[in-house]
Amino acid sequence: MKASGIPSHERSFYRTGLDSHRKKFILSPNSIDIGDGETMNYLDCIRENNDDSFFYKETETKTKIVLHFTAGYLKGDIAQLSQPSNHVSVPFVIARDGTILKLWSSKYWSYHLSRGAVGGNTTMSRQTIGIELSNIGFLKENGRNLVSIYSNSDVYCGLDETNFYTKLSTPFRGENYFATYTQKQYTSLVLLLKYLTNTYNIPRNFLSTNKRYTTLNTNEVQDFNGILSHINFRESGKWDIGEAFDWDQVIQGINGTST
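Residues numbered from 1 in each chain as written. Predicted model: local features only at pLDDT ≥ 70, side-chain atom pairs only at ≥ 80, totals over all residues. Heavy atoms only, no water.

## Quick word on the overall build of the protein
Helix and strand counts for the protein come out as six helices and twelve strands. Radius of gyration (C-alpha) of the protein: 17 Å, near the 18 Å computed for a compact globule of 259 residues. If you take every contact in the protein between residues at least 6 apart in sequence, the share linking residues at least 24 apart comes to 64%. For the protein, the computed accessible surface area is about 11500 Å², with 44% contributed by carbon and sulfur atoms. Seen as two clouds, the 27 positive and the 26 negative side-chain charges of the protein have centres 3 Å apart. (Helix = DSSP H or I, 4+ residues; strand = E, 2+ residues; numbered from the N terminus. Rg over C-alpha atoms; globule rule 2.2 N^0.38 Å. Contact = heavy atoms within 4.5 Å. Areas by Shrake-Rupley, 256 points an atom, 1.4 Å probe, with all protein chains shown as cover. Lys, Arg positive; Asp, Glu negative; His and termini not counted. Charge placed at Lys NZ, Arg CZ, Asp CG, Glu CD.)

Laid out in structure tokens, this is it:
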């Protein structure tokens with residue numbers, strides 16, 4: 001899908017409530033005081049048939065927040081994160097237009113780090129709150145276009161459309177091109193992080209620059225309470241949230257120093 005077509009794709013989901021598997025969701029506008037004198041707007045995104053078999057209704061103490069990108073587009077993102085009885089999900093997805101979709105209460109849990117995660121997939125998934133940003137992830141050069149990992153015919157943008165991607169000066173885990181995030185996603189993410197850190201008393205800590213894009217060891221993961229990303233739990237096979245992500249903007253925003 002071309003990046004320029006994503007806004008229409010997202011509006012279609014809001015209008016119909018149908019994900020890419022044709023599962024129906026009821027989308028209900030809601031808002032909440034996040035505790036910093038600000039209000040966060042979001043959409044409750046609940047299966048029409050009330051299926052909730054993709055997460056565990058077990059209340060857990062939360063110590064960390066883990067950022068992901070979906071490697072997809074919104075309808076497919078929601079479809080993958082709500083597969084019946086699959087138990088691989090996150091409570092929040094942030095669409096490219098900045099809409100925060102809440103699939104289930106963040107006090108519960110589901111697997112989102114995958115097998116082989118440092119600290120243990122079950123242990124860490126229980127302790128952490130996953131947030132997915134709708135983003136196709138890394139891109140491949142094909143002539144004068146950039147395409148997704150799924151197909152050379154899935155053109156995301158042209159090389160001249162530099163607002164849609166970042167080319168890294170040094171490849172990250174073997175990849176040079178990554179789809180950019182939107183300003184609206186950053187704005188919504190900051191609000192969501194403020195809400196979650198206030199609600200669960202999670203410190204607004206971030207990894208140092210030299211650790212930000214590395215896989216941590218077990219002791220480091222267990223000892224760190226704060227905000228990190230999927231790559232910190234996995235040495236290979238994962239790129240999220242990647243070096244195209246503007247950590248500085250998020251850190252400044254959550255600390256109240258952004259302009």
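## Focus: the packing of aromatic side chains
Scanning all chains against the criterion turns up 18 aromatic pairs. Centre to centre, the rings of Phe172 and Tyr213 are 6.1 Å apart; their planes meet at 70 degrees, and the pair counts as edge-to-face. One end of the pair, Phe172, is in strand S10 (residues 165-172); the other, Tyr213, is in the loop between helix H4 (183-200) and helix H5 (218-223), and 41 residues separate them in sequence. (Phe/Tyr/Trp six-rings, centres within 6.5 Å; stacked < 30°, edge-to-face > 60°.)

## So, the pairing of strand S1 (residues 25-33)
Regular strands place their side chains on alternate faces of the sheet. Across nine bridges, the pairing between S1 and strand S2 (residues 39-47) is antiparallel. Looking across to S2, one finds that Asn30 is bridged to Tyr42. Connecting S1 to the antiparallel partner S2 that follows it, the hairpin turn spans five residues, and Gly35 within it adopts a positive phi of roughly 100 degrees. (Pairing = 2+ DSSP bridges.)

## Considering the sheet that holds S1
Within the open sheet, the seven strands sit side by side as S1-S2-S5-S4-S6-S3-S12. Their pairing is mixed. Since the sheet does not close on itself, it has two edges, and those belong to S1 and strand S12 (226-229), each with one partner. Pairwise comparison of adjacent strand axes, ignoring direction, gives a mean angle of 30 degrees for this sheet. Packing against the sheet, helix H1 (residues 6-16) makes contact with S1, S2 and strand S5 (100-102), and its axis sits at approximately 100 degrees to S1. Set on the sheet, H4 makes contact with S1, S2, strand S3 (64-69), strand S4 (92-94), S5, strand S6 (128-133) and S12; between it and S6 the angle comes to about 170 degrees. (Axes fitted to C-alpha atoms, helices over the stretch in contact; angles between N-to-C directions.)

## Some remarks on empty space enclosed by the protein
Taken as a whole and judged by the stated rule, the model has two cavities of 30 Å³ or more. The computed volume of the largest cavity comes to approximately 50 Å³. The wall of the largest cavity is formed by 14 residues, among which Pro91, Trp104, Thr128, Ile129 and Gly130 lie closest to the centre. For the lining of the largest cavity, the residue count by class is six nonpolar, seven polar and one charged. In this structure, the second largest cavity spans a volume of roughly 40 Å³. Tallied by class, the residues present in the lining of the second largest cavity amount to five nonpolar, three polar and one charged. (1 Å grid on protein atoms, 1.4 Å probe; cavity = no way out; pocket = protein on both sides within 12 Å on 5 of 7 lines; lining within 4 Å. Points joined across faces, edges and corners; volume = space filled by probe spheres on them. Nonpolar A, V, L, I, M, F, W, Y, C, P; charged D, E, K, R; others polar.)

## A closer look at the nonpolar core
Among the nonpolar cores identified, the biggest contains 31 residues, and Leu67, Ile131 and Phe245 are the most heavily contacted of them. For this core, the secondary structure elements donating two or more residues are S2, S3, S4, S6, H4 and helix H6 (247-254). Residue contributions to this core peak at eight residues, all from H4. Listed in part, the 16 residues of the second largest apolar core include Leu74, Ile78, Val93 and Leu101. (Core = buried A, V, L, I, M, F, W, Y, C linked by side-chain atoms within 4.5 Å. Buried < 20%, exposed > 50% of the residue type's maximum accessible area, 1.4 Å probe, protein only.)

## Here we look at the sheet that holds strand S11 (residues 175-179)
Spatially, five strands are ordered S9-S8-S7-S11-S10 in an open sheet, and the strand pairing comes out antiparallel. A strand with exactly one partner marks an edge of an open sheet, and here the two such strands are strand S9 (155-158) and S10. Averaged over all pairs of adjacent strands, the angle between strand axes in this sheet comes to 40 degrees, irrespective of strand direction.

Geometry only, nothing functional implied.
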